[in-house]
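# Examining the three-dimensional arrangement
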Amino acid sequence: MPLRKREKIQKMLRQIVYKAQFKFLLIPLSAVLLILSFERFNIAVLAWVAFVPLFFAIEDAKPSGAFLRSYLAGALFFFGTIYWLIHVTLPGMIAAVLYLALYFAVFGVLCLSAIRDRSSIMPVFLIPALWVTLEWIRARLFTGFGWVLLAHSQSHNLPIVQISDITGAYGVSFLVVMVNVA
């Protein structure tokens, strides 16, 4: 698609998305799309677009705003996916959710400048690499929390899961985020 036409389409989409009364809905929308893509609902296709609302929500934010918006999306996501930990301990579940949401927040801040860079193809590779790095750290730091990796949302999507034979779960996560960025 020619660059000018693509810019026109992007501008039109931004005008629609940036209506003030709907902007605050982008954060929970992103979290809900991610939640629905996981095992309980298993609508795996939603993961392929779930980060788009979050990217629009943080695109014009300052780093502190991107941190808070991404943190909120992460908290909502983890409350919706690891809710079952409440049967073990309510304070433990809340602490886990608040801790795990920090990974979303760090992701939002780190990919902020890459989201704004529309002049190169670099963000298409950089942002997924950031996500996968944070997933890898999350799975190993403080004894690790390797549950609800983005790749797990694709567990019933056999053609996509087949690449995990070569790349592991992190390769699937990379691909899903790459599509979201593109």
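Residues numbered from 1 in each chain as written. Predicted model: local features only at pLDDT ≥ 70, side-chain atom pairs only at ≥ 80, totals over all residues. Heavy atoms only, no water.

## Quick notes on the overall build of the protein chain
For clarity, the cut-off: Helical segments are the DSSP runs of H or I of at least four residues, strand segments are the runs of E of at least two, and each set is numbered from the N terminus. Restricting the calculation to C-alpha atoms gives the radius of gyration, and the globule rule supplies 2.2 Å times the number of residues raised to the power 0.38. The buried label applies to any residue whose accessible area, calculated with a 1.4 Å probe on protein chains only, is under 20% of its type's maximum; exposed applies above 50%, and partly exposed to all values in between. Only heavy atoms enter the contact rule, under which two residues are in contact if any of them lie within 4.5 Å. The Shrake-Rupley method, run with a 1.4 Å probe, gives the accessible areas here. Residue values count only the displayed protein chains as cover. Charged residues are defined here as Lys and Arg on the positive side and Asp and Glu on the negative side; His and the ends of the chain fall outside this count. One atom stands in for each charge, and that atom is NZ of Lys, CZ of Arg, CG of Asp or CD of Glu.
When you go through the protein chain residue by residue, the secondary structure sums to 11 helices and 0 strands. When the helices and strands of the protein chain are placed in sequence order, the string is α-α-α-α-α-α-α-α-α-α-α. Here the protein chain has a C-alpha radius of gyration of 16 Å; the compact-globule value for 182 residues is 16 Å, and the two agree. Principal axes of the C-alpha set define a box for the protein chain whose edges measure 55 × 40 × 30 Å. The buried share of the protein chain, taken over its 182 residues, is 41%. Within the protein chain, counting contacts between residues at least 6 apart in sequence, those at least 24 apart form 66% of the total. Summed over its atoms, the accessible surface of the protein chain is roughly 10100 Å², and 72% of this surface lies on carbon and sulfur atoms. Across the protein chain, the centroid of the 15 positively charged side chains sits 10 Å from that of the 7 negatively charged ones.

## Some points on the packing of helix H4 (residues 51–58) against helix H11 (residues 169–181)
A packed helix pair is summarised by two numbers, namely the angle formed by the two axes and the spacing between the axes. Going by this rule: Axis lines are fitted to C-alpha atoms, over the contacting stretch for helices. Their N-to-C directions set the angle, which ranges from 0 to 180 degrees. Any angle that is under 35 degrees is reported as roughly parallel, and any over 145 degrees as roughly antiparallel; angles of 65 to 115 degrees are reported as roughly perpendicular and all others as oblique. In this scheme, a crossing is called left-handed if the near helix is turned counterclockwise away from the far one by less than a right angle; it is called right-handed if the turn is clockwise. Amino acids are sorted into nonpolar (Ala, Val, Leu, Ile, Met, Phe, Trp, Tyr, Cys and Pro), charged (Asp, Glu, Lys and Arg) and polar (every other residue, Gly among them).
At a minimum axis separation of 9 Å, H4 and H11 run at an interaxial angle of 55 degrees. It follows from the interaxial angle that H4 and H11 lie oblique. Crossing geometry of H4 relative to H11 is assigned as right-handed. Along the contact surface, H4 presents Phe51, Val52 and Phe55, while H11 presents Val177, Asn180 and Val181. When the residues that make up the contact of H4 with H11 are grouped by side-chain class, the tally is 5 nonpolar, 1 polar and no charged.

## Some words on the nonpolar core
As a rule of thumb, soluble globular proteins bury nonpolar side chains together. This is how it is decided: What is meant by a nonpolar core is a set of buried Ala, Val, Leu, Ile, Met, Phe, Trp, Tyr and Cys residues, joined one to another through side-chain atoms within 4.5 Å.
Counting 48 residues, the largest nonpolar core has Phe51, Phe77, Ile82, Phe104 and Phe107 as its most contacted members. Of all elements in the fold, only helix H3 (26–37), H4, helix H5 (63–81), helix H6 (90–110), helix H7 (112–116), helix H8 (122–140) and H11 reach the threshold of two or more residues within this core. Ranked by the residues each element gives to this core, the list is headed by H6, at 8 residues. Phe107 has contacts with Phe51, Phe55, Ile127, Leu130, Trp131 and Leu134, leaving out every residue within four places of it along the chain.

## Some remarks on the environment of Ala169
For Ala169, the position within the fold is in helix H11. By relative accessible area, Ala169 is classed as partly exposed at 29%. Along the sequence, Ala169 and Leu150 sit 19 residues apart, while their C-alpha atoms lie 8.3 Å from each other. If we ignore the near neighbours within four places in the chain, the residues touching Ala169 are Leu149, Ala151 and Ser164.

## Observations concerning the packing of H8 against H11
Direction vectors running N to C along H8 and H11 enclose 140 degrees, while the axes themselves pass 8 Å from each other. Classified by the interaxial angle, the pair formed by H8 and H11 is oblique. Classified by chirality, the crossing of H11 by H8 is right-handed. Contacts from Pro123, Val124, Phe125, Ile127, Pro128, Ala129, Trp131, Val132, Glu135, Trp136, Ala139 and Arg140 in H8 reach Tyr170, Ser173, Phe174, Val177, Met178 and Val181 in H11. Of the residues that constitute the contact of H8 with H11, the class distribution is 15 nonpolar, 1 polar and 2 charged.

## Regarding the packing of aromatic side chains
Note the following rule: Two aromatic rings, drawn from Phe, Tyr or Trp (for Trp, its six-membered ring), form a pair once their centres lie within 6.5 Å of each other, and the interplanar angle then sorts them: stacked below 30 degrees, edge-to-face above 60, tilted otherwise.
Summed over all chains, the structure comprises 16 aromatic pairs. Both rings, one in Phe51 and one in Phe55, keep their centres 6.1 Å apart while their planes meet at 25 degrees; by these two values the pair is stacked. Of this pair, Phe51 and Phe55 both sit in helix H4, 4 residues apart, roughly one helical turn. A single burial state applies to Phe51 and to Phe55, both of which are buried.

None of the figures reported here should be taken as evidence of function without further support.
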